[in-house]
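# Summary of the model geometry
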Amino acid sequence: MRVSSDALTTLLAAGVPIALVVVVAALFVSRRRPRDDERTSGPTTGPTLGQVPTPTPAPDDGAPASAPSPAPGTLVAPPTQAPPLEDVAPEALSTEAPDLPALDVPAPATGRLARLRDRLSRSGSPLGTRLLQVLSRDHLSEDDWDELEETLLLADVGAGPTGELIDALRTRVRVDGLKDPAQVRALLRAQLLALVDPELDRSLATAPTVADDGARTPAVVLVVGVNGTGKTTTIGKLTRLLVAQDRSVVLGAADTFRAAAADQLETWGSRVGVPTVRSDREGADPASVAFDAVRTGREAQVDVVVVDTAGRLQNKAGLMDELGKITRVITKEAPLTEVLLVLDATTGQNGLNQARVFGEVAGVTGIVLTKLDGTAKGGIVVAVQRELGVPVKLVGLGEGPDDLAPFDPEAFVDGLLQ
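## Some points on the side chain of D308
Looking at the secondary structure, you find D308 in strand β6 (residues 304-308). Only 3.2 Å separates the side chain of D308 from the side chain of K231, close enough to count as a polar contact. Of note is the side chain of D308, whose polar atom sits 3.0 Å from the side chain of T232.

## Some details on the sheet that holds strand β5 (residues 276-277)
The strand order β5-β4-β6-β3-β7-β8-β9-β10 describes an open sheet built from eight strands, whose pairing is mixed. In the strand order of this sheet, the two ends are held by β5 and β10 (404-406), each with one partner. Relative to the sheet, helix α8 (residues 261-271) contacts β4 (249-253), β5 and β6, its axis offset from that of β4 by approximately 170°. The strands touched by helix α9 (residues 286-299) within the sheet are β3 (219-224), β4, β5 and β6, with β4 carrying the most contacts at an inclination of about 165°.

## Thoughts on the pattern of salt bridges
Summed over all chains, the structure comprises 13 salt bridges. Among the salt bridges present, the one from R386 reaches E164, with a minimum N-O distance of 2.8 Å. In this pair, R386 is assigned in helix α12 (residues 380-388) and E164 in helix α5 (residues 159-176), connecting sequence segments 222 residues apart. Taking the relative accessible area as the measure of exposure, R386 reaches 42% and is therefore partly exposed. What emerges from the salt-bridge pattern is a single network uniting D263, E266 and R278.

## Quick notes on the pairing of β3
In terms of residue burial, β3 counts as a mostly covered element, since six of its six residues are buried. Burial along β3 is two-sided: the residues A219, V221 and V223 and V220, L222 and V224 are all buried. Sheet topology places β3 next to strand β7 (residues 336-344); five bridges connect them, and they run parallel. In the strand pairing of β7, V224 is matched with L341.

## Quick word on the pairing of strand β8 (residues 366-370)
In terms of burial, β8 is largely enclosed, as five of its five residues are buried. On β8, burial covers both faces: G366, V368 and T370 on one face and I367 and L369 on the other are all buried. In this structure, β7 lies alongside β8, joined through five bridges in parallel fashion. Counterpart to L343 in the pairing with β8 is L369. Bridge count for β8 against strand β9 (residues 392-396) is three bridges, and the pairing is parallel. Bridged to I367 within β9 is V392.

## Brief notes about helix α7 (residues 231-244)
The end-to-end C-alpha distance of α7 is 20 Å, a good match for the 20 Å that 14 residues give at a rise of 1.5 Å each. Burial within α7 is extensive, with eleven of its 14 residues counted as buried. Every buried residue of α7 is listed here: K231, T232, T234, I235, G236, K237, L238, T239, R240, L241 and L242. Within two residues after α7, D246 carries a phi angle of roughly 65°, on the positive side.

## Focus on the confidence of the model for the chain
For the chain, the mean per-residue pLDDT works out to 74, and 68% of the residues sit at or above 70. Every residue in residues 33-98 is under pLDDT 50, and counting partners more than four places away or in other chains gives seven contacts.

## Some remarks on the packing of aromatic side chains
Two descriptors summarise a pair of aromatic rings, namely the distance from one centre to the other and the angle between the planes of the rings. Tallied over the full model, the rule gives one aromatic pair. Residues F407 and F412 carry aromatic rings whose centres are separated by 5.3 Å and whose planes lie at 55° to one another, so their mutual orientation is tilted. Residue class for F407 comes out buried when judged on its relative accessible area of 5%. When the ring centre of W268 is taken as reference, the NZ or CZ atom of R271 above it lies at 5.5 Å.

What counts as what
- Residues numbered from 1 in each chain as written.
- Predicted model: local features only at pLDDT ≥ 70, side-chain atom pairs only at ≥ 80, totals over all residues.
- Heavy atoms only, no water.
- Helix = DSSP H or I, 4+ residues; strand = E, 2+ residues; numbered from the N terminus.
- Polar contact = N/O pair within 3.5 Å; in protein donor to acceptor, adjacent residues only side chain to side chain.
- Pairing = 2+ DSSP bridges.
- Contact = heavy atoms within 4.5 Å.
- Axes fitted to C-alpha atoms, helices over the stretch in contact; angles between N-to-C directions.
- Salt bridge = Lys/Arg side-chain N within 4 Å of Asp/Glu carboxyl O.
- Buried < 20%, exposed > 50% of the residue type's maximum accessible area, 1.4 Å probe, protein only.
- Expected span 1.5 Å × (residues − 1).
- pLDDT = per-residue confidence, 0-100.
- Phe/Tyr/Trp six-rings, centres within 6.5 Å; stacked < 30°, edge-to-face > 60°.
- Lys NZ or Arg CZ within 6 Å of the ring centre and 35° of its normal.

What follows is the structure, encoded as C-alpha cells:
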C-alpha cells in the first residue's frame, strides 16, 4: 500500500518524540536497578535487627570524665545498662555485707577505783565532814559525843558499830589528847577503816574451774535482789566489767516475769558481743532458763555465766522458795561460785532486812551497793557487812555504763573524809 508523503511526514513527526521518551526511561531503569540490588544482596555494613546501637548522648559540661581503663587483673564491675529489677534475683541485688554495729570497749577496771574516791568526795556526804568538825573542837563535851553518835546513826552505820567507834575515839582522844586537825583526821580514818574491814576477801570468783571428770566448768554468778534496786542494769554493767578483764561471758535471762527484762539484758550483752540465753515466751520456768544458760556456757567453754533473776520481796515465801529452786537446779550442771545481792544504798534498815532473808535462802556471797555516789549516807556499807558477814564487793557510782567498780575500803573512807 502506498503511503502519501503527507502521512509519512506526520508519522515521523510523532515517532521521534516517543522514541526519545522510551530511551530516557530505559536509561533511568538501568541506573536505578544496581542500587536496589546493593540493598538486598551486597555486604552488610550497618546494624542488623537486634543490633541497633545506642545513640551517643551529647557531652555534658557538668558530667564527670570517664574513668580510666583498669589495670590488668582488676575485677571490673559490669558496665552500662542493668537488666530490669523484676528480672534480677533478690539475692543478687546487693553483694555487700550489711554494716554491723561496732562493739563497745568497756573502760578498764583499774581506773574505776580512783573514780570511787572522786564520786564520794563530790557526793556531799555529811558523815566524814561532821565527824571531823566535832573531833576538831578544843574540848569535847558529852553533848559533842552525843552529836557524834547521832551522826553515825543517821548515816546508817548501825547501833553496834557506832558504839564501837565512839568508845575507840573517846579512848584515843583522852589518852593522846589530840588537838591537831591532821592527827584527828588520821585517827578517824583509821577507826572508820577498821569498821569497813579491809581484810575481807572482796575478789569475784569468776575463774572457770575443772570438774571431777576433768571437764572445764564456767564460773556461775547468780544475781538476786528486790524490785527497783537496779538488778538487771547492774548485771549489764558487771558484764562490761568482766569483758574489760578479758573474760568470756554468757548471760541467762531467768527473769521471765518482767516483760522487758530479757530484752534489756540482751541489749546490754549485744553491746559488748555477749550472747544471752532467754525463753521464747513470758512466764516460762526461770529455773529452766537458768539451767539452759549454764549448760550453754559449759558447752561453749566460756569463763563466766551470769544469771539474772526476777525481783522479789523478801517477805514473799513463794517467790523466795522459787529462788531456792533456781539455785538447786543450777548446781546440777555447775557449782555456784558467786551469789550477789543487789541493794539500794539509800534504803537503810530495810536493806538490812532484805540482806538477812536473801542470805538465808540463796547463800549470798557478796553485796553490790547501787546509788552509792549521790544520796547514800555511806554507813550502810558497815551495817550490811556486819549483818551478813559477807563483804561489799561492787558499788554503783552513777548512771554511766561503766560506773560499776570493785569496792575498795581505803578509797571509800578517803572519799568520805575529803
